[in-house]
Each structure stands twice: as C-alpha cells, then as structure tokens.
Amino acid sequence: MRSDRQGMALLIVLVLVTLAALGSYGYTFHMQSQYRRVSVQEDQIHAQLAADSGFELVASILEQPTDQRSGFGSLLNNPELFQDVPIEQSDTRGLQAVQSAGWRFSVISPLTDGQDVTVSDSSEVSFAGRAVTESIRRTSDSGTLFRFGLENESAKIHVPTLLAWDRQYPGHAQKVLMQLPNATQPIVQAWLRWMNVQPITRQAGDNSIGGTQATAQQALVDEQIGDGDLSFRLHDNWLGGDCNQDFRVDLLDQAFRPRLRGSQRLATRLPQSSSESEGAVDQQYQGETLAAWKAWQRYLTWHSGSRNESANGRRRVDLNQPNLQELHRRLLEIWPSAWADFVVVYRQYGASPAAPANSGATSANLGAASSVARPPSPVASPPMDFSIAPRFLLRSPLELVGAVVTLPTASGKAAEKSEKRLILSPFGGGNNEMSNYLGKLLDQVTTGSGSVPEGRLDIRHASAWALLAVPGIDTTTAQAILQRRSDKTSDATENYATIAWLIEEGVVDLRKMIQIEPYLTARSDVYSCQIVGYRDDRSPMFRCTAILDASRGQVVRRCYQRWHQWGGQLSAADLNSELATSLPTNSLSK
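Residues numbered from 1 in each chain as written. Predicted model: local features only at pLDDT ≥ 70, side-chain atom pairs only at ≥ 80, totals over all residues. Heavy atoms only, no water.

Undergrad: What is the right way to read the overall build of the protein from this model?
TA: In terms of regular secondary structure, the protein is built from 21 helices and 20 strands. Taken over 590 residues, the protein has a buried fraction of 49%. Contacts in the protein between residues at least 24 apart in sequence constitute 71% of all its contacts with a sequence separation of at least 6. On the protein, roughly 28,500 Å² of surface is accessible, and the fraction owed to carbon and sulfur atoms is 51%. (Helix = DSSP H or I, 4+ residues; strand = E, 2+ residues; numbered from the N terminus. Buried < 20%, exposed > 50% of the residue type's maximum accessible area, 1.4 Å probe, protein only. Contact = heavy atoms within 4.5 Å. Areas by Shrake-Rupley, 256 points an atom, 1.4 Å probe, with all protein chains shown as cover.)

Okay, structure coming up:
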C-alpha cells in the first residue's frame, strides 16, 4: 500500500509549481499589457499636449500688433516657423531647455484656390493651375497638397455679412453662392431658407443664376432627390467630401458618403446590393469633382474680423463720436492740428455740395480737380467752437479727401443770409501728397465705434470669387487687384497695412474707393489651421482643427474639433521626410 503512494508528493509539488508559474506568467503578461496601454495613453496625452503647444505658438503671434506680427514673416506659408517644431522643456533643475522625447508639432492648412498664397521660392511645382513652392508638402496620396501655415478667415466671405448685403441688394447672396464649386439651385435655396432668406426662384426656361449654367441633367437630379439628401449634399460640399479633414478625398471618405447620403425616399429607390447602391448613388453625382480645396469652407466663414486698432496696436479714433472736444484732443495726439480742426468743422457743418470728393477723381488728377472746383480766398485755419453740436456723420474716412466745408460768418437766424467762408480739406493734392495721409486715414481712424469690424474682406489674400462677391467690385476691378497683388513679393503683400494702395496704384478712383472701403480691409486677426502633434510613425498622432480669433485681443479658440480618431493617411514622414520611423526592438510602449 505504501508503495502505491510513492511519488505523489512530487506530483503535487509539480502541479503547485506549474500553477504558480502560470499565475506568475499571467500576472507578468497582465502587467506588460497594462504597461503598454498606459504607455500608449501617455503618448496620446503627449501628442495632444504637443498640438496644444502649436495653438500656443499661433496664439502668441496673433496677439501681437500688426507691425510686430509682420516680423515673423508670412503666416500663410512659412515652413521655418510652422513645420516640425520640436517641443522643448526645462530640465528638472530649470537650468536649460532640453528636447522633450522627440515630440513635435506642425501647423498645416490645405492648399486651396479659395485664397491666394503668394510665394517667392524659385523651386515650384504645378497644382490646380497655379505654381506653388515645394515647401508645400505632398502627402503619400499624390493628389493632396498642404502648406505649413495658417488659413486667413478674413479672406473668405463672412456669411452674416453676405446676408446683410442681400438685404440691401435682394438676390445678391444667391448669385454669389451659385458660383461655388458643385453649387446647384436646390442646395443654395435650401441653405438660404434655413438662414431665413427668401431665395429667388428660377424662371421657366432660365437655367442660369449669377452666370452659372444648370444643365438639364443636373436639374432632373435636383428634382428627384429629397430634403434629406439636400442636407447631406450641403454638408458634403462644405467639407469638399473630406470627412476626416486630411486634405484628400480618400477611400475612407468614399466609404462614408453612401452611408451619410440620402433620405429614406432616396434609399427606397436604390438597388439592394451595396455595390449597386453605391454605383447608383454615385451616378447621381456624376460631374461633381470633389476635392478638399473645393470645399465651401475654403470660401465661406462664420468668423471674421480684426481689432479696431492701428498697426502699432493703438486703438483707432472714432471720427463719429459725439464729443467733439474729446475727438479733437485725441486727434491731436496722432495728427497735425490742421487735420484735427478740419474733422471738427466737417462734423459740424458737413461738406459743401461743390466739393470734388465725389467727382470720381483719381489720385493723379485729384489736385487739379480740387483747384478748379474750389472758389478763391479760403480760410486757412477754421475757428474752433466746441459749443456747436455735430450734425453730420462720416461713412468713410475717405470722405474727408478733397472736401470743402462752408462756414457762415454769423450765427443764429442771420446765418443763412450772411457771407460764406470756405474751409479747404488738408487731405488733397496728387500722388505725392496722398501717400502722406491715405495710409493714416485708413489705419489710425475709423467711422465705427465697434471694437471688432466684422465681415470686412482681407484683400491681401482674397480669391477672385471673394472679391467679386463684394458689392461694387466688378470683374475689371477684381482682375486689377489680383494683377497688382501677383506682381509683388510675398513680404510686400503681407506688409500692405491698409487698402490705400488701391488708390495709390490707380486700381480704383476716389468715388469707387469710398463705396467699397466699408467692405474691405488689409489685415486679419482671425485664422484657422490644423495642428498635428506627433513623434514618429509608430507613435500616436493627434490631429485637431480650430479657428483662432484674436479680434478682441486675447485669442479665443473656436470650432475646435479632433480628427485623429477618424484615421487618415497623414504620417510623420509627410510632415518631416527626414524623421526616423523606427524604434528600438525592446520598446514596450507601442
């Protein structure tokens, strides 16, 4: 009996050792898995913090006054400033800055026909019918380009401002929106109705609105699709089909489109096979060329503006403020006394009907026109009487140019029958004189008391489509602006502090300038961008987009969205071709 139990203790010990080994192995495996998961989560946090550092960089630049901001160079295409920026932090003793484990960020924006990106690099490639520098990187998808820089929101048409223009000029908004890529009448009209704007119905037999020809095939498709599909197509056009915002319409976007598209009415009319359904749906969109640069968000914006301050950061003087004595005091801080005095008397008595300011004179003949139109013996210096209340407002500071103010020699009831005295505007003369005051008129003073002039179009980077959307700008004027702008280097375009060059270079005359000046600007404090935080191709990548609004001084981040969860084919090599993508084989963090 005793011999039958020999070896049992050894067997039991063996079983116990095996169980202990399995438990140890399971514990080790579990701890390694947790370590990997924590490491990945830590890297995800580092990637997000790297992207946040990119926002801080952009915010620190936008909070600077315009003249100091220009020292950074171009904000739209500046690889030296925005490409592959390493994250640095102080060491534990705070003695010096050290690189933080290879984390970095890039600030990128899509290459687009919606805005003009002026470049001066001699190395160029061709894309979308234009030349761009090789600093605008091509991703692994050969059809996609992006640049290292920001996107100027003020160079787009501000939608609320467009609706305000439509109230002044009925049908203007529909005419403008019909010029957008892939725009059709049902989509535009549905969007206008959603914004409480009554669209203009197309007349029978008329397939054109705003110069856009609607084909019979497209009109038939528009009649067959339902409201749900119109909603999708509006969303699709806004993004340009780029659902994950990686600057391309790739297979992932194409896979989402059939599922996002269509109402129940459309779905019931499609074949049951998924492949046939996709083909049938895509056939309804034949002729549409979806591309990221054709997205409506490249042409339109809901956020636009600039600080109501001069280029050096000083708040502009409101020429229409009711306290004339305070107005005079503030003007004397920045202008000669003759300029300040004339503004006061202009506000009190208004411009004489004989003034040549509205005569259509150009910068070349303004001096001659004013000398002929003005009667002799003007008053050199008007008397200041702040007890007279202001009765006239200025629509634009340019109304002071070439103006004549008539003063009575007496007050009260006998004023109308008394002898008149003339006050000539100190803002007159030809090209040489105008260059001395036009920039100051448009930079240092304003006719609006608001802190943020919203909706003005930044002509430094606005596209031809955006320029033509402005009331008063025709094709000839838009082409002249684009031609003058293309003749200048990137730095010169960035340093256009005001729109005074439109007159100085003969693009428009004074009358036209007074008409369009309230709609235009040459600066912006609202930019959008995509910021990517990354380390290498094996590490997590954090992608996010936002609009950075510095129009009120401190930067506010608007429309913040994360896109890395959607996937996409952006890689660390796309952002820096020299970046190493390999890691040590013993790394457990990936």
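Undergrad: What should I look at first to understand the environment of Ser106 in this one?
TA: Mapped onto the elements, Ser106 comes out in strand 2 (residues 97-110). Note on Ser106: relative accessible area 0%, which makes it buried. Through-space distance from the C-alpha of Ser106 to that of Val85 is 6.1 Å; in sequence the pair is 21 residues apart. Within polar-contact distance, the side chain of Ser106 engages the side chain of Tyr534 at 2.9 Å. (Polar contact = N/O pair within 3.5 Å; in protein donor to acceptor, adjacent residues only side chain to side chain.)

Undergrad: For this particular structure, what's the right way to read the pattern of salt bridges?
TA: Close approach of charged atoms lets side chains of opposite charge pair. Under the counting rule described, the total for this entry stands at 18 salt bridges. Of the charged contacts in the structure, one is a salt bridge between Lys156 and Glu153, with a shortest N-O distance of 2.6 Å. Lys156 gets classed as buried once you look at its relative accessible area, which sits at 2%. Notably, a salt bridge pairs Arg329 with Glu326, separated by 2.5 Å at the nearest N-O pair. With Arg329 and Glu326 both in helix 12 (residues 324-332), this residue pair falls three residues apart, about one helical turn. On the basis of relative accessibility, which here comes to 42%, the residue Arg329 falls in the partly exposed class. Salt bridges linked by common partners bring Arg69, Arg307, Glu309 and Asp525 together as one network. (Salt bridge = Lys/Arg side-chain N within 4 Å of Asp/Glu carboxyl O.)

Undergrad: Would you explain unusual backbone geometry in this entry?
TA: Negative phi characterises most residues that are not glycine, and trans characterises most peptide bonds. The phi torsion at Asp84 lies on the positive side, around 50 degrees, for a residue other than glycine. Position of Asp84 among the secondary structure elements: in the loop between helix 3 (79-82) and strand 1 (85-90). For Asp84, a relative accessible area of 12% translates into the label buried. Non-glycine residue Asn182 carries a positive phi angle of around 60 degrees. Residue classification places Asn182 among the buried positions, given a relative accessible area of 19%.

Undergrad: What am I meant to see in the nonpolar core here?
TA: Nonpolar side chains in soluble globular proteins tend to be buried together. Ile157, Leu331, Leu400, Leu502 and Leu520 are the most contacted members of the largest nonpolar core, which totals 76 residues. The element that contributes the greatest number of residues to this core is helix 13 (residues 337-349), accounting for seven residues. In contact with Ile157, other than residues within four places in its own chain, are Leu162, Trp165, Tyr299, Leu300, Thr301, Leu457, Trp465, Ala466 and Ala469. Ile61, Ile87, Phe247 and Met541 belong to the second-largest nonpolar core, a separate cluster that totals 37 residues. (Core = buried A, V, L, I, M, F, W, Y, C linked by side-chain atoms within 4.5 Å.)

Undergrad: Is there a simple way to explain the side chain of Asp536 in this structure?
TA: Secondary-structure assignment places Asp536 in the loop between strand 18 (526-534) and strand 19 (542-549). Classification of Asp536 as buried rests on a relative accessible area of 6%. Separated by 2.8 Å, the side chains of Asp536 and Ser539 make a polar contact.

Undergrad: Please clarify how a nonpolar patch on the surface should be interpreted in this entry.
TA: A cluster of nonpolar side chains, namely Met8, Leu11, Ile12, Leu14, Val15, Leu16, Leu19 and Leu22, defines an oily patch on the protein surface of about 780 Å² accessible area. Its place among the elements puts Val15 in helix 1 (residues 8-62). Classification of Val15 by relative accessible area gives partly exposed; the value is 42%. (Patch = residues over 30% accessible without salt bridge, like charges linked within 9 Å, V, L, I, M, F, W, Y side chains within 5 Å.)

Undergrad: What is the right way to look at the packing of helix 12 against helix 13 in this model?
TA: When two helices pack together, their arrangement is given by the angle between the helix axes and the distance between those axes. Running from N to C, helix 12 and helix 13 point in directions that differ by 155 degrees, and their axes come no closer than 9 Å. Judged on the interaxial angle alone, helix 13 and helix 12 are roughly antiparallel. Regarding helix 12 and helix 13, the two cross each other, and that crossing is right-handed. In contact with Leu324, Leu327, His328, Leu331 and Leu332 of helix 12, helix 13 contributes Ser337, Ala340, Asp341, Val343, Val344, Arg347 and Gln348. Taken together, the residues of the contact of helix 12 with helix 13 break down into seven nonpolar, three polar and two charged. (Axes fitted to C-alpha atoms, helices over the stretch in contact; angles between N-to-C directions. Parallel < 35°, antiparallel > 145°, perpendicular 65-115°, else oblique. Left-handed = near helix turned anticlockwise from the far one by under 90°. Nonpolar A, V, L, I, M, F, W, Y, C, P; charged D, E, K, R; others polar.)

Undergrad: Sorry if this is basic, but what is going on with the pairing of strand 19 here?
TA: In summary, the side chains of a regular strand alternate between the two faces of the sheet. The buried fraction of strand 19 is high, at eight of eight residues. Here strand 19 shows a buried face lined by Phe542, Cys544, Ala546 and Leu548 and a second buried face lined by Arg543, Thr545, Ile547 and Asp549. In this structure, strand 18 lies alongside strand 19, joined through eight bridges in antiparallel fashion. Pairing of Tyr527 across the sheet is with Leu548, part of strand 19. Where strand 19 and strand 20 (residues 556-562) come together, five bridges link them in antiparallel fashion. Pairing of Ile547 across the sheet is with Arg558, part of strand 20. Here strand 19 hands over to strand 20 after six residues, with Gly553 in that stretch at a positive phi of 100 degrees. (Pairing = 2+ DSSP bridges.)

Undergrad: Sorry, what's going on with the packing of aromatic side chains here?
TA: Aromatic ring pairs are reported here in terms of the distance separating the ring centres and the angle at which the planes meet. For the coordinates displayed, the defined rule picks out eleven aromatic pairs. An angle of 70 degrees between the planes, with centres 5.4 Å apart, marks the rings of Trp165 and Tyr519 as edge-to-face. Highlighted residues: Trp165 in helix 4 (residues 159-168) and Tyr519 in the loop between helix 20 (510-516) and strand 17 (520-521), separated in sequence by 354 residues. The class of Trp165 is buried, set by a relative accessible area of 4%. (Phe/Tyr/Trp six-rings, centres within 6.5 Å; stacked < 30°, edge-to-face > 60°.)

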